[in-house]
Amino acid sequence: MSIIKVASKKAKNGYTYKVTFKYKEYGVTTSYSKSGFATKKEAKEHESMVKAEIKEKGCIKKECTKTLDEVYQEFLKVGCNGYQENTIYETKVYYKRINAKLRVTPISRIDYPMLQEFFNNQEHKSLDTNKRIKKALNRVFKHALKTQYISTNPMDLVDVVGIDNKIERENILCPSDFITLVDALKDMDKFIYYAFAIAIEIGYYTGLRISEVIALNKSDVDLENDIIHVNKKLVYKGLKKDEFHTTHQMKSIKSNAIIPLAPPLKQSLIEWFKTNPYERIICDIEGFYINPANASTMIRKVAKPLSIDFHFHMLRHSFITNLVTNNIDVKTVQELARHSNINTTMSIYTHLQEEQKKNAINNVFSTNYSKNTLNLN
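I will try to describe carefully the structure that is included in this document. Because the structure is predicted, anything quoted here is derived from the model rather than measured.

The rules behind each value
Residues numbered from 1 in each chain as written. Predicted model: local features only at pLDDT ≥ 70, side-chain atom pairs only at ≥ 80, totals over all residues. Heavy atoms only, no water. 1 Å grid on protein atoms, 1.4 Å probe; cavity = no way out; pocket = protein on both sides within 12 Å on 5 of 7 lines; lining within 4 Å. Points joined across faces, edges and corners; volume = space filled by probe spheres on them. Helix = DSSP H or I, 4+ residues; strand = E, 2+ residues; numbered from the N terminus. Nonpolar A, V, L, I, M, F, W, Y, C, P; charged D, E, K, R; others polar. Expected span 1.5 Å × (residues − 1). Buried < 20%, exposed > 50% of the residue type's maximum accessible area, 1.4 Å probe, protein only. Arc of directions from axis to C-beta. Contact = heavy atoms within 4.5 Å. Pairing = 2+ DSSP bridges. Axes fitted to C-alpha atoms, helices over the stretch in contact; angles between N-to-C directions. Parallel < 35°, antiparallel > 145°, perpendicular 65-115°, else oblique.

**Regarding the layout of surface pockets**
Moving on, step 1. There is about 460 Å³ of room inside the second largest pocket.
Moving on, step 2. Around the second largest pocket, the lining comprises 22 residues; the ones closest to its centre are E53, K61, E63, S108 and S151.
Moving on, step 3. Broken down by element, the lining of the second largest pocket gets its largest block of residues, five residues, from helix α1 (residues 40-57).
Moving on, step 4. Of the residues in the lining of the second largest pocket, the class split is twelve nonpolar, four polar and six charged.

Printed below as a string of structure tokens:
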């Protein structure tokens, strides 16, 4: 008999019910028991639920007692192999912003209301920061899901709130501003600023990300066949200058590619190679890697008096925009932009084509157009 009446001094009627039965877990006979049920009906309902779980999964899932902190530490040791180094660094930075109460809670007991309350209490903070905290937490919960510490991920239900203080910035660098900025940097007549100018030219003519640009070596550039081998990126976040290094673990499989070398860029590189004695294309005067954050800050100081709102990623947008506006087909744009998903390319492609249509209509039906229309009255 699986339901047993058990005497209990604490119970009002002097007894409770206990569920006990034997079952096979992966072929091995095992016993299950749980007591403390106030009624026989409650005991039977629990028994049915447990037996249904055994039938479905072949075992009874034991509640994980590991805290969020313990699972986080386990994630850093064994669960982050598929992540890039910069992503792991960002996870460490934003995990620190999670309160102590949540960290010491067993991960199996952390549910949606608890997480939503945490983020609701963060509403006075930056929306971007809260989104990054959510991403960091989500990586830990995904690891918990893989290791079966939890059966569902409560992070999927969480809505992030916060103050959206992100400044709307220009997404592209127009050709005239590109030329003006590059010339201004080269006119500074310093090795480091000339290196910045070359970095901007590489970004503008290839669409490479800043970590990919700075990782380039001279041996990656084939001047004879007019191609560039893109196969590594710089790892620098959270590291000292002498610890900067490159990795072949790219953002996606498509990021690793051989791309065409545009004639204007080829000419600039030939001139730069005469001045730069180092194997690294973008480096300081001692040949060390440049910190991308420092480079962006120094470039902006030169760009600001020129009324240019510069950020390095706008060069990638400029590259893609130049392809689309010159009627390059979407598949070729995807290949040159090295997007792993064509939907990413399509969203940009469609948006830019819509902008072109709007501009065409605005140009044709301008305020002066009414003067040229027929008077039908």
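**Quick notes on empty space enclosed by the protein**
Moving on, step 1. Under the criterion given, the structure shown has one cavity of 30 Å³ or more.
Moving on, step 2. Its boundaries defined by the atoms lining it, the largest cavity holds a volume of some 40 Å³.
Moving on, step 3. The wall of the largest cavity is formed by F196, A199, I210, I214, I282, I290, A295, I299 and F312.
Moving on, step 4. Listing elements by their share of the lining of the largest cavity, those giving two or more residues are α8 (191-206), α9 (210-215) and α11 (292-303).
Moving on, step 5. For the lining of the largest cavity, the class distribution of residues is nine nonpolar, no polar and no charged.

**Some points on α1**
Moving on, step 1. The first and last C-alpha atoms of α1 sit 26 Å apart over 18 residues, in line with the 26 Å expected at 1.5 Å per residue.
Moving on, step 2. Taken as a whole, α1 has its buried residues at A43, H46, E47, V50 and I54. One face of α1 carries all of its buried residues, which in axial projection span an arc of 105°. Exposed and facing more than 90 degrees away from the buried side of α1 are K41, M49, K55 and E56.
Moving on, step 3. Contacts made by the buried residues of α1 are with β1 (3-7), β2 (15-25) and β3 (28-37).
Moving on, step 4. Taken from the residues just after α1, G58 is the one with a positive phi, measuring 85°.

**A word on the sheet that holds strand β8 (residues 257-260)**
Moving on, step 1. Strand order across the open sheet formed by three strands is β4-β5-β8, with antiparallel pairing between neighbours. This sheet does not close on itself; its edge strands, each paired only once, are β4 (221-222) and β8.
Moving on, step 2. Pairing of β4 with strand β5 (residues 227-230), which is carried by two bridges, proceeds in the antiparallel orientation. Bridge assignment links D222 to a residue of β5, and that residue is I227.

**Focus on the environment of Q122**
Moving on, step 1. Inspection of the secondary structure assignment puts Q122 in the loop between α5 (112-120) and α6 (127-146).
Moving on, step 2. Remark: the alpha-carbon pair of Q122 and G162, spanning 40 residues in sequence, is separated by 6.6 Å.
Moving on, step 3. Among all residues touching Q122, those that are not within four sequence positions of it are N130, I133, V161 and G162.

**Side note on the environment of V160**
Moving on, step 1. By the element assignment, V160 lies in the loop between α6 and α7 (175-187).
Moving on, step 2. Take V160: its relative accessible area is 22%, and that puts it in the partly exposed class.
Moving on, step 3. In the structure, V160 is positioned 33 residues away from L127 in sequence and 7.3 Å away in space, judged by C-alpha atoms.

**Concerning the sheet that holds β2**
Moving on, step 1. The three strands lie next to each other as β1-β2-β3, forming an open sheet whose pairing is antiparallel. With partners counted over all chains shown, the strands left at the sheet margins are β1 and β3, one partner each. This sheet shows a mean twist of 30° between the axes of neighbouring strands, independent of strand direction.
Moving on, step 2. By the bridge criterion, five bridges tie β1 to β2 in an arrangement that is antiparallel. Of the residues in β2, the one forming a bridge with V6 is T16.
Moving on, step 3. Docked against the sheet, α1 engages β1, β2 and β3, running at close to 15° with respect to β2.

**A short note on the packing of α8 against α11**
Moving on, step 1. Look at α8 against α11: their axes get within 11 Å of each other, and the N-to-C directions meet at 95°. When the axis of α8 is compared with that of α11, the two are roughly perpendicular. Contact residues: α8 offers Y193, F196 and I200, while α11 offers A295, M298, I299 and V302.
Moving on, step 2. For the contact of α8 with α11, the class distribution of residues is seven nonpolar, no polar and no charged.

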